[in-house]
Amino acid sequence: MSQPLTVPPGKRIRLKDFDPAWCGGEEKRRALAETQRNVQALGELAYRLYAENRRALLIVLQGMDTSGKDGTIRTVMDGINPQSCQVTSFKAPSEEELDHDFLWRIHRAVPRRGNVGIFNRSHYEDVLVVRVRGLVPEKEWQSRYDRINEFERLLCDGGVRLVKFFLHISKEEQRQRLQARLDDPTKRWKFSRRDLEERKLWAEYQRAYEDALTRCNTPHAPWYIIPSDRKWYRNLTVSRVLRQVLEEMDPQFPPPEPGLKELTVE
Ligand code: AMP
Ligand code: MG
């Protein structure tokens, strides 16, 4: 039996149906080698996307604390020219950001034509932490699922291909990773007491994720549920999906200006 990465739009997503430790019978050594090949291919495809200069790719990374958003970016985006790639990490909104609608700061960070944009957290925080922590009234966050779908439609119609990854880890795996942050002096800087408060709300977050994944799972901007307890399998799967998406986009070098063939540089 295999575990699907996507769910048909409209179908209810229950996270307990997805095993975070799933690794599809893959062997780690081979997985690492394939990931390397995918990463290299991604670099070449992103180069063509940049040269084509017509469309963009937006990658959304969501997941609980320690789910591996940073690690995924480090590994999988390694082959992409930094000039045509931007990472945006969304933290708690500033005062200025709070004085605008919730999509204002998001829209400004959408990659321009030819570029790859990576969101480390995203507009989904506005139906996750905001909902779980009750930062706005329910009526307001409830309306946001529709606003998000409309916004993503707008991006898609404007030539931005969206790929959304939920990095799915187990509560036990999070415990071990948080403990490692405490124990390892090179990881301690990542630890925040706040993470422990958030961990207490694990069940509430899982529910909020299930709603976001279900209600914003559209044909034009699908969610991928990535088993992420094993970092190597997570990297393999994300790199595979991205390679597939970019190959399907099949970016082309623009046609040269007419007459260039006859030119020689003296
Ligand atoms: P980190 O990813 O560890 O850098 O933490 C960023 C923090 O910012 C997380 O606790 C997020 O939940 C929080 N955050 C991101 N976006 C929002 C938002 N729209 N409203 C409130 N908190 C947010
Ligand atoms: Mg953190």
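Up top is the structure these notes are about.
Analysis parameters
Residues numbered from 1 in each chain as written. Chains lettered and ligands numbered in written order. Predicted model: local features only at pLDDT ≥ 70, side-chain atom pairs only at ≥ 80, totals over all residues. Heavy atoms only, no water. Pairing = 2+ DSSP bridges. Helix = DSSP H or I, 4+ residues; strand = E, 2+ residues; numbered from the N terminus. Axes fitted to C-alpha atoms, helices over the stretch in contact; angles between N-to-C directions. Contact = heavy atoms within 4.5 Å. Buried < 20%, exposed > 50% of the residue type's maximum accessible area, 1.4 Å probe, protein only.

S.K.: Before we go on, may I ask you to explain the sheet that holds strand β3 (residues 116-120) in this structure?
M.R.: In a beta sheet, neighbouring strands pair by backbone hydrogen bonds and run either parallel or antiparallel. Sheet architecture is open: 5 strands sit in the order β2-β3-β1-β4-β5, paired in parallel fashion. Bordering the open sheet on either side are β2 (85-89) and β5 (223-227), each of which pairs with just one other strand. Each neighbouring strand pair of the sheet contributes to a mean axis angle of 20°, computed without reference to strand direction. The pairing of β2 with β3 spans 5 bridges and is classified as parallel. Within β3, the position partnered with Thr88 by the bridge is Phe119. Packing of helix α2 (residues 69-76) onto the sheet brings it into contact with β1 (56-63), β2, β3 and β4 (160-168), and relative to β1 it is tilted by some 145°.

S.K.: How should the side chain of Ser228 be read in this particular structure?
M.R.: Among the secondary structure elements, Ser228 is positioned in the loop between β5 and α10 (231-249). Those residues in contact with Ser228 that lie beyond four places of it in its chain are Pro20, Ser67, Leu167, His168, Ile169, Arg177 and Arg234.

S.K.: Looking at this structure, I do not really get unusual backbone geometry. What am I missing?
M.R.: It is generally the case that most residues other than glycine have a negative phi and that most peptide bonds are trans. Despite not being glycine, Arg121 has its phi angle at roughly 65°, a positive value. Under the relative-accessibility criterion, Arg121 is labelled partly exposed at 21%. Backbone geometry at Asp250 places phi at a positive 50°, although glycine is not the residue there. Within the secondary structure layout, Asp250 lies in the segment after α10.

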